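Topology and contacts: notes
Residues per chain are reported as follows:
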Amino acid sequence: MSAARRGHRTRRWTAGRLLWRRARTRPAATVLVAALVLLSLIVAAAVPRLVERQSAAELDYQLRSIGATARSLQGVTDYRSLWPTEPPPNADQLYGAIDQSLKLERLDYPEPLYSAVGEPNWLVQMPRFKLESRNGAPVDLGLQLTAAEDYLTRIRIVEGGTPSTWTESEADLEELEREAAEREAAAAGEPGEATSGATAVAPIDILVSTSSATAMGLKPGDLLGASAAANADPEVPVTPLRYRVSGLYEPIDKGDQYWLQFADLLPATEILPYMARPYLSTAAFVDPLTIGRFTRSLDGAKTRLYYPVSADALNGADPDLLLRQLSTVVSLGITLPDQAGQLNLGTRTDDAIEEALARGRTLAGLLAMLAAAPAGVMLAVLLLGIQAVVRGRRSDLVLAAARGAGELRLRLLMTLEGALISIPAGVIVTALATLLLPTEQSAVGFVLPAIVAVAPPALYGLLADSRPDAGRTGSLLSRLRAVAELAVVLLTAASLFLLIRRGLSTSGQAVGVDPLLSAVPLLLAVTVGIAVLRGFPVPLRGAVRSARGRRGVEAFVGSIRATRVPTLGLAGVLALVVGLSIATFSAVMLTTFDTGIERAAAESVGADARVDAPLLTADELDAVTQVDGVEHVAGIQLVGPRTLGSGDSDESITIVLSPTAELGTLRTLPARLDAEQDGRIPVLLSDDLKEEFTEGSSAIVSGQPLTVVGFLPADSQLGPTHGWILVDSSFSDRMSVQFSPSVLLIGADPALLPQLKAPLEAAVHAGAVDQGTVITRSSVSTVPTMTALRKSEPSILGVRIGLGAGALLSVLLCSITLVLSTIAAGRERGRVAGILRTLGLPRRRLRSLIAWELGPVALVSLLAGAVLGLVLPYIVTAAVDLRPFTEGTAPVAPVLDPTTIVGVLALFSMVVLGSGIVAVAIGDRIAPSTTLKMGSS
């Protein structure tokens, strides 16, 4: 009884124990498969999450880069006066209905837009007008009356007091104007008398910011006068009133978006009228009820509104949904109450979202092309590894089947072994990825790891076969090999044709990543791998013939085995080809991106450094030339529009004035422009005017004869992007202007260029907005700062990380493949090695046999991979427009840096050589006797 039970127990556990004993005694292949499964799980769980987070980072970057003011929903509409003058309108009539309508409008916004859009902020502004006197003395200043019901909650009065409500009415001033005109005529033109008639009307109290008061020389109690005569613009209705500065204020929170959105409330603004002298102007608060006392002046009054849009609240939002919601809101606008009109909304948020989506699609397509080849190799290597494990178990499976174990049970045992390797790892990796890389939307980060975790158990069970004649399936597959290879070559040609014809970015904009087009690198690698396997035996046969007459059998037997039964096989060759091609491709593309970004930065700056400002004074120009490191300075002034006549047609153009001798030191000019030619002014034209003009043509602008001496690219960073002529600044008087540059192109010492931005900003007083008194809007840009800024963009970082990760993954796969290929071929090699050892071949010389099996095919594969890696960048740049990443105008072409390429090839070869040494050492440990014991089975 007990013997029967022991026999039953023995029969029950024999198969499992046999397989478990083999797994413990020969764990190398299982460990490598486990490592490969773990690597695959990490990639499957992390990559989708990283891509999604990169897309969210790109959207966040685009939203923040445009700034809070451009991001907001904003609009301007006429402020309608629909109330009677008597009695004066109250606050609810002036503001209440509009404010309630604006707040109710926001409540209708759907999520996620509602959470991102803040409460409305709005005010009423009358047209800007010029002042003619301050305390009776002539001045050249501007003023814009502003009213907001909640303004006192945003400011603190630092001097003087709040403005009182104006109790007069503009409707009663017509008679006073006539009386003032009569007294002015009687006064025989004495200054200050022009507004004396207005003394019967109380002045309007205004509240001015301290920064504006400092710049304009204002203080509490000052009386300011205005008249229609001082304002020649008929669109600005001006009543001859006086304005009293009741006090000075500072914002409670200067960093509040309110002061950025309504920037003319704080610093004085420098107004640059056409053909007139610049002057300072400011917006000043009046009491909210004062607006209701105006009638005629309100004809030009505007309601200015903005809803702040939070970039933080949009973090992780679906950009496509958000874009649709914004489009709906902007297209509908806001209908104001009481026939106050339609307020159209505008924002640059939709542009930022579209830019983020375009970059995201192009980046996704580029990364898909980059990831397809390593992913294919990973699948092939995983299959190779599982085959190696199953082959190692085959003798045990045959023995277990001979002792009574059923086929289904054996397959289930192998499935269990695969499940123990992948399922726990899949759960742990997915949980860690969810914890460390949280995302908002996609389920791909869960589905892909689940597929990867289920694949090994399925393959273990599917490939397990205990039949002695299991080789028949492989024989059938061998017959189909030629058909499969032909199909791969045809598919590669078709996908390559579609890629060049359609382009990945174009396809991606319509349907996302196109799997067929994205698989081009993988298909090319497989095709090259097929060519290597089909082609390398040809030269190797010469080695076989040469080895026949030599002493020793290692070269002869090794080269024959490499020809007939390649150790690497397609998976191994594919891993080597893809590994080196992706490493080379990544190195070339990184160099290409860096070079493209640097060229685009230089193109956007137009020189080594650039200064942009509304107006540059002589002192600022002199300060710029004195900055250490500045070698050449060329000022640019834009004048226009003017009419360029040729006799046959007239073109509207912009005149670009510049000292061309200095400009010629910064860029190549086709001719000298600083001296007349036969009484005509020599000019260069933008090349978009070539259809109307040719070199040597005559033309006229502002009555001055011109001669065309050449052309420059329209987008030459001289200002306008089309329709311009370059004239030397020495002819500025002939163009009826005084040369006053607003742009400086600067040539600098390369050694000092990286540190040049700060001293240039100090020289032109850039950033005066933050410091105090006048809005100058000056900006300084240099090539190094622009390059660093663009390289820090999320899309560029995503490309760089993707290229580096793809190269690293390919190298790891190469190393694992070499070792697995050696293990997978161990059984067949063991039979040959057993015979050779029986014939007296020393053990140490078996390593030469393995080296001959691996060396030739590995060398040819590496050469093919290097060539493919150099070709792939040309295919990608021909099919994918990389200009959205570099932000340049010229198409991006591959840049081959010999030092970088040689370094990558050397490093990769060292890794492959080290992996080969490990593979030889593992192959040498296989005991031939174990294979000879099994006989031919």
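Residues numbered from 1 in each chain as written. Predicted model: local features only at pLDDT ≥ 70, side-chain atom pairs only at ≥ 80, totals over all residues. Heavy atoms only, no water.

Here's the deal with the nonpolar core
Condition: We call a set of buried residues a nonpolar core when its members are Ala, Val, Leu, Ile, Met, Phe, Trp, Tyr or Cys and they connect through side-chain atoms within 4.5 Å of each other. A 1.4 Å probe rolled over the protein chains alone gives each residue an accessible area, and that area as a share of the maximum for its type sets the label: buried under 20%, exposed over 50%, partly exposed in between. Secondary structure elements are defined from DSSP: runs of H or I of at least 4 residues count as helices, runs of E of at least 2 residues count as strands, and each element is numbered from the N terminus. Note on contacts: a residue pair is in contact if any heavy atoms of the two residues lie within 4.5 Å.
Counting residues in each nonpolar core, the largest one holds 77 residues, and the members touching the most others are F593 and L882. At the level of secondary structure, the elements contributing two or more residues to this core comprise α2 (28-65), α10 (349-402), α11 (407-436), α12 (444-463), α17 (520-535), α20 (569-605), α26 (794-824) and α28 (846-879). Of the residues forming this core, the biggest block, 18 residues, is contributed by α10. Each residue touching L882, except ones within four places of it in the same chain, is listed here: L366, M589, F593, T877 and V892. Counting 62 residues, the second-largest nonpolar core is a separate cluster that includes V124, F129, V208 and Y307.

Considerations on the packing of aromatic side chains
Here is the rule we go by: Each Phe, Tyr or Trp ring (for Trp, its six-membered ring) is paired with any other whose centre lies within 6.5 Å, and the angle between the two planes then decides the class: stacked below 30 degrees, edge-to-face above 60, tilted in between. We call a charge positioned over a ring when the NZ of a Lys or the CZ of an Arg lies within 6 Å of the ring centre and within 35 degrees of the ring normal.
Scanning all chains against the criterion turns up 10 aromatic pairs. Arranged with centres 5.4 Å apart and planes meeting at 35°, the rings of W166 and F294 form a pair that is tilted. In this pair, W166 sits in the loop between β5 (155-160) and α6 (174-186) while F294 sits in the loop between β10 (279-285) and β11 (302-307), placing the two residues 128 residues apart along the sequence. On the basis of relative accessibility, which here comes to 3%, the residue W166 falls in the buried class. Judged by relative accessible area, which is 2%, F294 ranks as buried. Taken together, the ring pairs in this structure connect Y151, Y249, Y258, W259, F262, F285 and Y306 into an aromatic cluster. The ring of Y258 carries the charged tip of R154 above its face, separated from the ring centre by 3.9 Å.

Digging into the pattern of salt bridges
We apply this condition: Only one rule defines a salt bridge in this text: a Lys or Arg side-chain nitrogen within 4 Å of an Asp or Glu carboxyl oxygen.
Applying the stated rule across the entire model yields 23 salt bridges. E119 is paired through a salt bridge with R106; the nearest N and O atoms lie 3.3 Å apart. Of this pair, E119 sits in the loop between α5 (113-116) and β2 (121-125) while R106 is found in helix α4 (residues 91-107), placing the two residues 13 residues apart along the sequence. On the basis of relative accessibility, which here comes to 44%, the residue E119 falls in the partly exposed class. When the shortest N-O distance is used, the salt bridge between R156 and E250 registers 3.7 Å. One end of the pair, R156, is in strand β5; the other, E250, is in strand β8 (residues 242-251), and 94 residues separate them in sequence. Given a relative accessible area of 41%, R156 falls into the partly exposed group. For E250, a relative accessible area of 31% gives the class partly exposed. Within the structure, one salt-bridge network assembled from shared partners comprises E58, E355, R359 and E793.

Some remarks on the pairing of strand β3 (residues 129-134)
Our working definition: Two strands are said to pair when DSSP picks up at least two bridges between them.
By the bridge criterion, five bridges tie β3 to strand β4 (residues 137-147) in an arrangement that is antiparallel. Across the sheet, residue R134 finds its bridge partner in β4, namely A137. The turn linking β3 back onto β4 is made up of two residues, and N135 within it adopts a positive phi angle of 55°. Inspection of the sheet shows β3 paired to strand β7 (residues 223-225) by two bridges, in the antiparallel sense. Residue pairing across strands places R134 opposite L224, the latter belonging to β7.

Some details on the environment of L59
Here L59 shows up in helix α2. Judged by relative accessible area, L59 falls into the buried class, the value being 4%. Separated by 293 residues in the primary sequence, L59 and A352 have C-alpha atoms spaced 7.3 Å apart. Apart from the residues within four sequence positions on either side, L59 is in contact with L314, A317, P319, I353 and A356.

Details of the side chain of Q637
Basically, it comes down to this: Polar contacts here mean pairs of N or O atoms no more than 3.5 Å apart (in protein, one a potential hydrogen donor and the other a potential acceptor; neighbouring residues in sequence count only if both atoms are side-chain atoms).
Relative to the helices and strands, Q637 resides in strand β15 (residues 630-645). The exposure class of Q637 is buried, given its relative accessible area of 12%. Polar side-chain contacts of Q637 include one of 2.8 Å to the backbone nitrogen of S740. Residues in contact with Q637, not counting those within four places in the same chain, are I655, V656, L657, Q738, F739, S740 and P741.

Re the confidence of the model for the protein
Our working rule: Scored from 0 to 100, pLDDT records how confident the predictor is in each individual residue.
Averaged over all residues, the pLDDT of the protein is 78; the fraction at 70 or higher stands at 75%. Throughout residues 191-199 the model reports pLDDT below 50, and contacts reaching past four residues in sequence, or to other chains, amount to 10 contacts. Of the regions scoring below 50 in pLDDT, residues 504-511 engages in 17 contacts with residues more than four places distant in sequence or in other chains.

Digging into a negative patch on the surface
For clarity, the cut-off: Without a salt bridge and with relative accessible area above 30%, a residue can belong to a patch; like charges are then joined within 9 Å and nonpolar side chains (Val, Leu, Ile, Met, Phe, Trp, Tyr) within 5 Å. With residues, only the protein chains shown are counted as cover, and all accessible areas are computed by Shrake-Rupley using a 1.4 Å probe. Charge convention: Lys and Arg are scored as positive, Asp and Glu as negative, and His as well as the terminal groups of each chain are ignored. Every charge is mapped onto a representative atom, which is NZ of Lys, CZ of Arg, CG of Asp or CD of Glu.
A contiguous patch of negative charge, built from D687, D688, E691 and E692, is present on the exposed surface. Mapped onto the elements of the fold, E692 is located in the loop between β17 (681-686) and β18 (698-701).

Side note on the pairing of strand β19 (residues 704-712)
Judged by how many residues are buried, β19 sits mostly within the fold: eight of nine residues are covered. The pairing of β17 with β19 spans six bridges and is classified as parallel. Note on β19: the bridge partner recorded for I681 is L706. The pairing of β18 with β19 spans four bridges and is classified as antiparallel. The partner of S698 across the bridge, within β19, is T707. From the end of β18 to the start of β19, which pair antiparallel, there are two residues, and S702 there has a positive phi angle of about 55°.

With respect to the packing of α11 against α12
What counts here: To get an axis, fit a line to the C-alpha atoms, keeping to the stretch in contact for a helix; angles then go from 0 to 180 degrees between the N-to-C directions. Orientation labels follow simple angle bins: below 35 degrees gives roughly parallel, above 145 gives roughly antiparallel, 65 to 115 gives roughly perpendicular, and whatever is left gives oblique. Crossings are sorted by hand: turned counterclockwise from the far helix by less than a right angle, the near helix makes the crossing left-handed, and turned clockwise it makes it right-handed. Residue type decides the class: Asp, Glu, Lys and Arg count as charged, Ala, Val, Leu, Ile, Met, Phe, Trp, Tyr, Cys and Pro as nonpolar, and the leftover types, Gly among them, as polar.
With their axes 7 Å apart at the nearest point, α11 and α12 run at an angle of 165° to one another. Between α11 and α12, the angle is such that the two are roughly antiparallel. α11 and α12 meet at a crossing whose hand is right-handed. Only G445, F446, P449, A453, P456, P457, Y460, G461, L462 and L463 of α12 make contact with α11, whose side of the interface consists of R411, M414, T415, E417, G418, A419, I421, S422, I423, G426, T430 and T434. Grouping the amino acids of the contact of α11 with α12 by side-chain chemistry returns 12 nonpolar, eight polar and two charged.

Focus: the packing of helix α21 (residues 618-626) against helix α23 (residues 757-764)
Running from amino to carboxyl end, α21 crosses α23 at an angle of 160°, the nearest separation of the two axes being 8 Å. Taken as axis vectors, α21 and α23 run roughly antiparallel relative to one another. As for the relative orientation of α21 and α23, their crossing is right-handed in sense. Residue-level inspection shows E620, A623 and V624 of α21 in contact with α23, the latter providing L760, A763 and V764. Grouping the constituent residues of the contact of α21 with α23 by class yields five nonpolar, no polar and one charged.

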